[in-house]
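# Examining the three-dimensional arrangement
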Amino acid sequence: MTLAARPARFADGPLPILAAALLWGTTGTVGSLAPGGAPATSIGAAGLVLGGLLLFLADRTAWSLPRVCGAGERWLLGCGAVAVVGYPLTFYPAVTRAGVAVATVIALGSAPVFTGLLGWLARQGRPGGRWAGATALAVLGCGVLVLGPELADSGRAVDLLGVLLAALSGLSYAVYSLIAGRLIAAGRPSAGVMGAMFGGAAVLVLPVLALGPVGWLLSPRGAGVVLHLGVVTTFLAYRLFGHGLRHASAQTATTLTLAEPAVAAVLGVAALDERLPAVSWCGLAVLAAGLAFLTLPGRRRAGQA
């Protein structure tokens, strides 16, 4: 029986993935607290360096995995590390050009679609009707939730480069999620796979951090932001995400992480005194319905996500 064919218990697959999405949902709020002179790419790079090194150092299997696996799996680990680097290097510039709302919707909304298509092309399982329906509902709800406050500003021009960068970040997320899911399904330990990929990504992204301004890292506020991004939203979140991938397909996982903007929106209301229009609350309800439909027990056939 394949990974996609096994029905995952809620506590094994969906719950840790949703917990990871909850932690990721704090990224925007915490990132907004960074010192004014900190570039968005440097913030993302700093969090990735710290979190990636923690993921690599915290598990012995991450140290040995590149040595004990075959050439094909080493190639996959390398591609996964490059894809991990690609996410912050495209998403944060997309936010700068297109805005938080548009970039978030395109990046997170496109990721499950890319994951389903790429997984199908890579013969990792054909997405089923249940996944397609739940994903459509979740993407629709995500879009309405995040773009609700923007709908009144219909005269704002769309930045095409920002849209393209956001889509590339969704593609990067889909690629490394699929690679991690494939290696984990092949029997490799989830913590080792995540540690090896993110450890490699931490090394690859170091020049981005080194070439930018680093003075903000020495301030208490800057250090606190990086500590949260590295420990909470990278180390803890991806340990949970990797565990969830052992019990759920990458297609299902990327759809469940659409809970991230819902967490971010509710956190903004609770912690930053932001206000959501009624249409955004409706979008939140639709998003919740899509995720609930995906996680409810149901019969699955082999080959379906």
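The structure displayed is predicted, hence computed values, not measured ones.

Now for the overall build of the protein chain. When helices and strands are tallied, the protein chain shows 13 helices and zero strands. Mapped in sequence order, the helices and strands of the protein chain form the string α-α-α-α-α-α-α-α-α-α-α-α-α. Taking all 305 residues of the protein chain together, 49% fall into the buried category. Partitioning the intrachain contacts of the protein chain with sequence separation of at least 6 by distance along the chain shows that 87% fall at a separation of at least 24.

Turning our eyes to something else, we now look at the packing of aromatic side chains. When we look at a pair of aromatic rings, we describe it by the centre distance and by the angle of the planes. In this structure the tally under the stated criterion is 11 aromatic pairs. On the basis of an interplanar angle of 50° and a centroid distance of 4.9 Å, the ring pair of Trp24 and Tyr238 is categorised as tilted. Here the residue Trp24 occupies a position in helix H1 (residues 14–24), and Tyr238 occupies one in helix H10 (residues 220–245), the gap between them amounting to 214 residues. The class for Trp24 is buried, based on a relative accessible area of 7%. Measuring from centroid to centroid gives 6.3 Å for Tyr87 and Tyr173, while their planes differ by 65°, and the two rings are edge-to-face. Placement of the pair is Tyr87 in helix H5 (residues 71–98) and Tyr173 in helix H8 (residues 160–185), with a sequence separation of 86 residues.

The subject of this paragraph is the side chain of Ser190. Note that Ser190 resides in helix H9 (residues 190–211). Leave out the neighbours within four places in its chain, and Ser190 touches Ile184, Gly242, His243 and Arg246.

Time to look at the pattern of salt bridges. Tallied over the entire structure, the rule returns one salt bridge. A salt bridge links Glu73 to Arg188; the shortest N-O distance between them is 2.9 Å. Taken together, the residues Glu73 in helix H5 and Arg188 in the loop between H8 and H9 connect sequence positions 115 residues apart.

For the pair helix H3 (residues 40–57) and H5, the least separation of the axes is 8 Å and the interaxial angle reads 150°. Put simply, H3 runs roughly antiparallel to H5. The handedness of the crossing between H3 and H5 comes out as right-handed. Residue-level contacts link Ala40, Thr41, Gly44 and Leu48 of H3 to Val84, Val85, Pro88, Tyr92, Pro93 and Thr96 of H5. Residues of the contact of H3 with H5, tallied by class, amount to seven nonpolar, three polar and no charged.

Time to look at H9. Helical geometry note: an α-helix holds 3.6 residues per turn, so side chains three or four residues apart project in the same direction. For H9, with 22 residues, the first-to-last C-alpha span of 32 Å sits near the 32 Å given by 1.5 Å per residue. Where H9 bends most, the angle comes to about 40°, and this point is Val205, followed within four residues by the proline Pro207.

What follows covers H10. A rise of 1.5 Å per residue sets the reference length of H10, with its 26 residues, at 38 Å; its end C-alpha atoms lie 35 Å apart and thus fit the reference within 8%. The sharpest bend along H10 comes to roughly 30°, located at Ala237.

Let us look at the side chain of Ser172. Inspection of the secondary structure assignment puts Ser172 in helix H8. Overall, the relative accessible area of 13% leaves Ser172 in the buried class. Not counting the four nearest positions on each side in its chain, Ser172 is found in contact with Ala83, Gly86 and Tyr87.

All right, on to the packing of H3 against H10 then. One way to put it is that H3 packs onto H10 with a least axis distance of 8 Å and a crossing angle of 50°. In terms of orientation, H3 and H10 fall into the oblique class. In the crossing of H3 with H10, the sense of the turn from one axis to the other is right-handed. Contacts between H3 and H10 involve Ile43, Ala46, Gly47, Leu50, Gly51, Gly52, Leu54 and Leu55 from the first element and Val225, Val226, Leu227, Leu229, Gly230, Val231, Thr234, Phe235, Tyr238 and Arg239 from the second. Classifying every residue of the contact of H3 with H10 by side-chain character gives 12 nonpolar, five polar and one charged.

Okay, a nonpolar patch on the surface next. A surface patch of nonpolar side chains, about 290 Å² in accessible area, is lined by Leu53, Leu57 and Trp63. With respect to the secondary-structure elements, Leu53 resides in helix H3.

Counting residues in hydrophobic clusters, the biggest one holds 61 residues, and the most contacted among them are Tyr176, Phe198 and Phe241. At the level of elements, H1, H3, H5, helix H6 (100–121), H8, H9, H10 and helix H11 (250–256) are the ones that each hand at least two residues to this core. Sequence-distant contacts of Phe198, that is, excluding residues within four places in its chain, are made with Leu48, Gly52, Leu55, Val84, Tyr176, Thr234 and Tyr238.

Before going further, it helps to spend a moment on the confidence of the model for the protein chain. Per-residue confidence for the protein chain gives a mean pLDDT of 78; residues scoring 70 or more make up 75%. Per-residue pLDDT stays below 50 along residues 1–7; that stretch engages in 14 contacts with residues further than four places along the chain or on separate chains.

Assignment of secondary structure puts Ala45 in helix H3. Separated by 165 residues in sequence, Ala45 and Ala210 have C-alpha atoms that sit 9.5 Å apart.

Cut-off values and rules
Residues numbered from 1 in each chain as written. Predicted model: local features only at pLDDT ≥ 70, side-chain atom pairs only at ≥ 80, totals over all residues. Heavy atoms only, no water. Helix = DSSP H or I, 4+ residues; strand = E, 2+ residues; numbered from the N terminus. Buried < 20%, exposed > 50% of the residue type's maximum accessible area, 1.4 Å probe, protein only. Contact = heavy atoms within 4.5 Å. Phe/Tyr/Trp six-rings, centres within 6.5 Å; stacked < 30°, edge-to-face > 60°. Salt bridge = Lys/Arg side-chain N within 4 Å of Asp/Glu carboxyl O. Axes fitted to C-alpha atoms, helices over the stretch in contact; angles between N-to-C directions. Parallel < 35°, antiparallel > 145°, perpendicular 65-115°, else oblique. Left-handed = near helix turned anticlockwise from the far one by under 90°. Nonpolar A, V, L, I, M, F, W, Y, C, P; charged D, E, K, R; others polar. Expected span 1.5 Å × (residues − 1). Bend = angle between axes of the 7 residues up to and from the residue. Patch = residues over 30% accessible without salt bridge, like charges linked within 9 Å, V, L, I, M, F, W, Y side chains within 5 Å. Areas by Shrake-Rupley, 256 points an atom, 1.4 Å probe, with all protein chains shown as cover. Core = buried A, V, L, I, M, F, W, Y, C linked by side-chain atoms within 4.5 Å. pLDDT = per-residue confidence, 0-100.

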